Amino acid sequence: AMIFEKYAESFKNEMKKFQKNQTGSLHKAFRLVSTPVEGERVVKEEDFFELIRALNMSASMQTLDEGHMKYVFRALDDDEGGSLEKEEFECVIDAIQFTFWITPKYSSLESKLPGVYKSPTMKVLKEWVWDKDPYDENASSKLDIIMNVILLLNTVVVVAESYYDMQHISTYTSMFTLVETIFGLLYVVEFVILMMCMSWAEYTSSTSRIFDCFTTWLLFCVSMLYYV
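Residues numbered from 1 in each chain as written. Predicted model: local features only at pLDDT ≥ 70, side-chain atom pairs only at ≥ 80, totals over all residues. Heavy atoms only, no water.

**Some thoughts on the overall build of the chain**
And step 1. A tally of helices and strands in the chain yields 12 helices and three strands.
And step 2. Out of the 228 residues in the chain, the part that is buried amounts to 28%.
And step 3. Accessible surface for the chain amounts to roughly 16,100 Å². Of this, 62% is attributable to carbon and sulfur atoms. (Helix = DSSP H or I, 4+ residues; strand = E, 2+ residues; numbered from the N terminus. Buried < 20%, exposed > 50% of the residue type's maximum accessible area, 1.4 Å probe, protein only. Areas by Shrake-Rupley, 256 points an atom, 1.4 Å probe, with all protein chains shown as cover.)

Structure, rendered in structure tokens:
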């Protein structure tokens, strides 16, 4: 216990020293690359790019691709003022350590069929898909809420069908088959709506969506076998 406490204390002190040194280095870097604008020192976009290029030469830093620099700058620029204030600049070290995967966000309909993509119907669908807090991982869109309700109803039907199967009651077999087909079609409709609003790359950036896609088409194909 004594050894662990000494180790924990030593680690804590080293972390404090590291954070203090990092903060001091950031303050020095800010003074070097910032310029006064209307009485306040800020880091302009072109100066930020020059700093990142210099950091890319260091073997101890993760290299940031030229094409990704503007995305990091926009992510740091919270007030969207076109420059970084001191508080925004202090997050630069953390930001450049991330590995970025850039994908087109919106469906190809936006460029190929702009008239359709900007139609009133598509406006409603896009609100269903995108109307949620992008910074809250647990936030649900309107479409998510609708599909969760449908999934709950589907679960109830599956439980009821299982109960009748265990009781060897076949009176409602055809009805349950029809209901399962309807649920399968609803899941396909959800997939189509998502594909109309977002790109395939954006869709497959989420492992849960990949799983949903697989199960959607599997359930749909299984339900269609009844009618073959």
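Structure shown, so let's carry the discussion forward.
**Here we look at the layout of surface pockets**
And step 1. Considering only enclosed or pocket space, the second largest pocket measures out at about 250 Å³ in volume.
And step 2. It is helix α10 (residues 173-197) that provides the largest number of residues to the lining of the second largest pocket, a total of six residues.
And step 3. Grouping the constituent residues of the lining of the second largest pocket by class yields six nonpolar, five polar and two charged. (1 Å grid on protein atoms, 1.4 Å probe; cavity = no way out; pocket = protein on both sides within 12 Å on 5 of 7 lines; lining within 4 Å. Points joined across faces, edges and corners; volume = space filled by probe spheres on them. Nonpolar A, V, L, I, M, F, W, Y, C, P; charged D, E, K, R; others polar.)

**Focus: the sheet that holds strand β3 (residues 83-84)**
And step 1. Taking strand neighbours across the sheet as the criterion, the three strands line up as β1-β2-β3 in an open arrangement whose pairing is antiparallel. Each of the sheet's edge strands pairs with one partner strand only, and the pair in question is β1 (35-37) and β3.
And step 2. Where strand β2 (residues 40-44) lies against β3, two bridges are found, and the strand directions are antiparallel. Of the residues in β3, the one forming a bridge with V43 is L84.
And step 3. Relative to β2, helix α2 (residues 45-56) is tilted by about 60°, and along the sheet it contacts β1, β2 and β3. (Pairing = 2+ DSSP bridges. Contact = heavy atoms within 4.5 Å. Axes fitted to C-alpha atoms, helices over the stretch in contact; angles between N-to-C directions.)

**Some points on a negative patch on the surface**
And step 1. Taken together, the side chains of E38, E40, D78, D79, E80, E87 and E90 make up a negatively charged region of the molecular surface.
And step 2. Looking at where E38 falls in the secondary structure, it is placed in the loop between β1 and β2. (Patch = residues over 30% accessible without salt bridge, like charges linked within 9 Å, V, L, I, M, F, W, Y side chains within 5 Å. Salt bridge = Lys/Arg side-chain N within 4 Å of Asp/Glu carboxyl O. Lys, Arg positive; Asp, Glu negative; His and termini not counted. Charge placed at Lys NZ, Arg CZ, Asp CG, Glu CD.)

**A word on unusual backbone geometry**
And step 1. With phi around 55°, E80 is a residue other than glycine that occupies positive phi space.
And step 2. Tracing the backbone through its elements, the reader meets E80 in the loop between α3 (66-76) and β3.
And step 3. Of note in the backbone geometry, H168 takes a positive phi value of approximately 55° without being a glycine.

**Some points on helix α12 (residues 207-225)**
And step 1. Taking 1.5 Å of rise per residue, the 19 residues of α12 would be expected to cover 27 Å, and the 27 Å separating its terminal C-alpha atoms lies within 8% of that figure.
And step 2. Within α12, burial applies to C213, T216, F220 and S223. For α12, the angular spread of buried residues about the axis comes to 115°, placing them on one side. Away from its buried face by more than 90 degrees, α12 exposes T207, F211, F214, V222 and L225.
And step 3. Next to the buried residues of α12 lie α10 and α11 (200-203). (Expected span 1.5 Å × (residues − 1). Arc of directions from axis to C-beta.)

**Describing the packing of helix α9 (residues 142-166) against α10**
And step 1. Contact geometry for α9 and α10: axes closest at 11 Å, N-to-C directions at 160°. Taken together, α9 and α10 sit at an angle that is classed as roughly antiparallel. The handedness of the crossing between α9 and α10 comes out as left-handed. On α10, the residues that touch L143, M147, I150, L151, L153, N154, V157, A160, E161 and Y164 of α9 are F176, V179, E180, F183, L186, Y187, E190, I193 and L194. (Parallel < 35°, antiparallel > 145°, perpendicular 65-115°, else oblique. Left-handed = near helix turned anticlockwise from the far one by under 90°.)

**Describing the packing of helix α8 (residues 120-130) against α10**
And step 1. It is the contact of α8 with α10, at a shortest axis distance of 10 Å, that shows an interaxial angle of 100°. Between α8 and α10, the angle is such that the two are roughly perpendicular. Counting all contacts with α8, which are made through M122, L125, K126, V129 and W130, the residues of α10 involved are I193, L194, M196 and C197.
And step 2. Here the contact of α8 with α10 is built from residues that sort into eight nonpolar, no polar and one charged.

**So, a nonpolar patch on the surface**
And step 1. Together, L178, I182, L186, Y226 and Y227 give the surface a local cluster of nonpolar side chains, amounting to about 490 Å² of exposed area.
And step 2. Within the element layout of this structure, L186 appears in helix α10.
And step 3. By relative accessible area, which is 32% here, L186 ends up partly exposed.

**Quick word on the environment of S141**
And step 1. Relative to the assigned elements, S141 resides in the loop between α8 and α9.
And step 2. Along the chain, S141 and W128 lie 13 residues apart, while their C-alpha atoms are 6.0 Å from each other.
And step 3. S141 has contacts with W128, V129, D131 and K132, leaving out every residue within four places of it along the chain.

**As for the packing of aromatic side chains**
And step 1. Scanning all chains against the criterion turns up 11 aromatic pairs.
And step 2. When the centroid spacing of 5.6 Å and the interplanar angle of 55° are considered together, the rings of F30 and F89 count as tilted. Taken together, the residues F30 in helix α1 (residues 2-33) and F89 in helix α4 (residues 86-89) connect sequence positions 59 residues apart.
And step 3. A ring pair is formed by Y106 and W130, whose centres lie 5.6 Å apart and whose planes are at 75°; its orientation type is edge-to-face. Separated by 24 residues along the polypeptide, Y106 in the loop between α5 (92-95) and α6 (109-112) and W130 in helix α8 bring together distant segments of the chain.
And step 4. Geometry around W130 places K105 over its ring, the cationic atom sitting 4.6 Å from the centre.
And step 5. Geometry around Y117 places K126 over its ring, the cationic atom sitting 4.0 Å from the centre. (Phe/Tyr/Trp six-rings, centres within 6.5 Å; stacked < 30°, edge-to-face > 60°. Lys NZ or Arg CZ within 6 Å of the ring centre and 35° of its normal.)

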